[in-house]
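So the chains spell out like this:
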Amino acid sequence: MNILITGIHGFVGSNLVEALKKEHTIYGLDIINPAKDLSNENEDENEKIPNVDAIIHLAGKAHDTKNKSAADVYFKVNTGLTQRIFDWYLAHPTAKKFIQFSTVKSAADRVEGEFLTEECIPTPVGPYGESKIAAENYIIEKFAPEALKRPFHNFTDEDAVVDGKKVYIMRPCMIHGPGNKGNLNLLYGVVSKGIPWPLGAFENRRSFTSIGNLQEVIKGLLTKDVPSGIYHMGDDEALSTNELIEAICSALGKKAHIWNIPCGLMNGVAKIGDVLHLPLNSMRMQKLTENYVVSNAKIKAALGMKEMPVRAKDGLRETIRSFEGK
């Protein structure tokens, strides 16, 4: 196949190139300046895009955990650029499959219940998740508008008003692997310095996405007859923060320093942080200790997979080794 990947030089894009280049011809687009004005289309540039069989749309403004990015930048890139790319896809008959990379944060900032499924009413919080759900809704409006009348916005090929095309909206959990520079890297930096983790009494569990599992899923979407729709993506096993720290220390050959300070005491410290504007406050405490488990049952069923090929801890171990430069 001829495949166009936007955001090709990013962490996920570069890993997908490695997974796909042996069997497919890859073309790439990337954003030089995420804050630039994307409202003016350049027809000459659009004409340079080759005829392709599939588009994997990764390019976007990543979640700024420090909250320093202006809200309009998220919408210019995550929503505006997606609209342009998807319009191009609909207008070109050779392009049969479109894979949109969204995020579980477009569905929910917090998980109520045991785990998050595709059967949830989207409730994003903040410009990152809101710009991503706006992009999802634009795609659905153009491809399967009846689905927007449903609370969950799920759609299938039966809803499509465009013949001969497949559309997949992927909502992955935090993706990690070699080359990743996200929150896992930050946690690794803290743990590798021997700084104790004081929240060991909180047994939270979170879903992650190993890049190896994501590569296999994308291969399947490209080559198999998978129904159009929204799909959540994550590893089979959810991990606690304590398990993450223990895995990092194990890879470093160090002893994990996890303090089991009573939860009530730490919550009290966080409330003091609210008043004194300390790094540990109630909001940050919630983010550090909450559960965020995501079901991957739908994507596995669609691809005929009994389990993901990479176990969560094995994928994590590979990521940690990349931090060490091994």
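Here, the structure is the one placed above.
What you see is a predicted model; the values in this text were computed from it and never measured.

About the cut-offs
- Residues numbered from 1 in each chain as written.
- Predicted model: local features only at pLDDT ≥ 70, side-chain atom pairs only at ≥ 80, totals over all residues.
- Heavy atoms only, no water.
- Phe/Tyr/Trp six-rings, centres within 6.5 Å; stacked < 30°, edge-to-face > 60°.
- Helix = DSSP H or I, 4+ residues; strand = E, 2+ residues; numbered from the N terminus.
- Buried < 20%, exposed > 50% of the residue type's maximum accessible area, 1.4 Å probe, protein only.
- Patch = residues over 30% accessible without salt bridge, like charges linked within 9 Å, V, L, I, M, F, W, Y side chains within 5 Å.
- Areas by Shrake-Rupley, 256 points an atom, 1.4 Å probe, with all protein chains shown as cover.
- Salt bridge = Lys/Arg side-chain N within 4 Å of Asp/Glu carboxyl O.
- Axes fitted to C-alpha atoms, helices over the stretch in contact; angles between N-to-C directions.
- Parallel < 35°, antiparallel > 145°, perpendicular 65-115°, else oblique.
- Left-handed = near helix turned anticlockwise from the far one by under 90°.
- Contact = heavy atoms within 4.5 Å.
- Nonpolar A, V, L, I, M, F, W, Y, C, P; charged D, E, K, R; others polar.

Residue-level account of the packing of aromatic side chains, with values.
Two numbers describe a pair of aromatic rings. These are the distance of the centres and the angle of the planes. Inspection of every chain in the model, using the stated rule, returns six aromatic pairs. The interplanar angle of 35 degrees and the centroid separation of 5.6 Å between the aromatic rings of Phe86 and Tyr89 together place this pair among those described as tilted. With Phe86 and Tyr89 both in helix α3 (residues 71-91), this residue pair falls three residues apart, about one helical turn. Residue class for Tyr89 comes out buried when judged on its relative accessible area of 0%. Ring centres 4.9 Å apart and planes at 80 degrees place the aromatic pair Phe86 and Phe98 in the edge-to-face group. Here Phe86, found in helix α3, pairs with Phe98, found in strand β4 (residues 97-101); they are twelve residues apart in sequence, far enough to count as distant. Like Phe98, Phe86 is buried.

So what about a nonpolar patch on the surface? Which residues, and what values?
A contiguous nonpolar surface patch, about 380 Å² in accessible area, is contributed by Ile272, Val275, Leu276 and Leu278. Within the fold, Val275 resides in helix α8 (residues 263-276). A relative accessible area of 62% means that Val275 is categorised as exposed.

I'd like a description of the packing of helix α7 (residues 241-252) against helix α11 (residues 312-323), backed by residues and values.
Across the interface, α7 lies against α11 with an axial gap of 10 Å and an inter-helix angle of 50 degrees. With respect to α11, the axis of α7 lies oblique. In this structure, α7 crosses over α11, and the sense of that crossing is right-handed. Between α7, through Glu243, Leu244, Ala247, Ile248 and Ala251, and α11, the contact on the second element is made entirely by Lys313, Leu316 and Ile320. A per-class count over the contact of α7 with α11 returns six nonpolar, no polar and two charged.

By themselves these figures say nothing about function.
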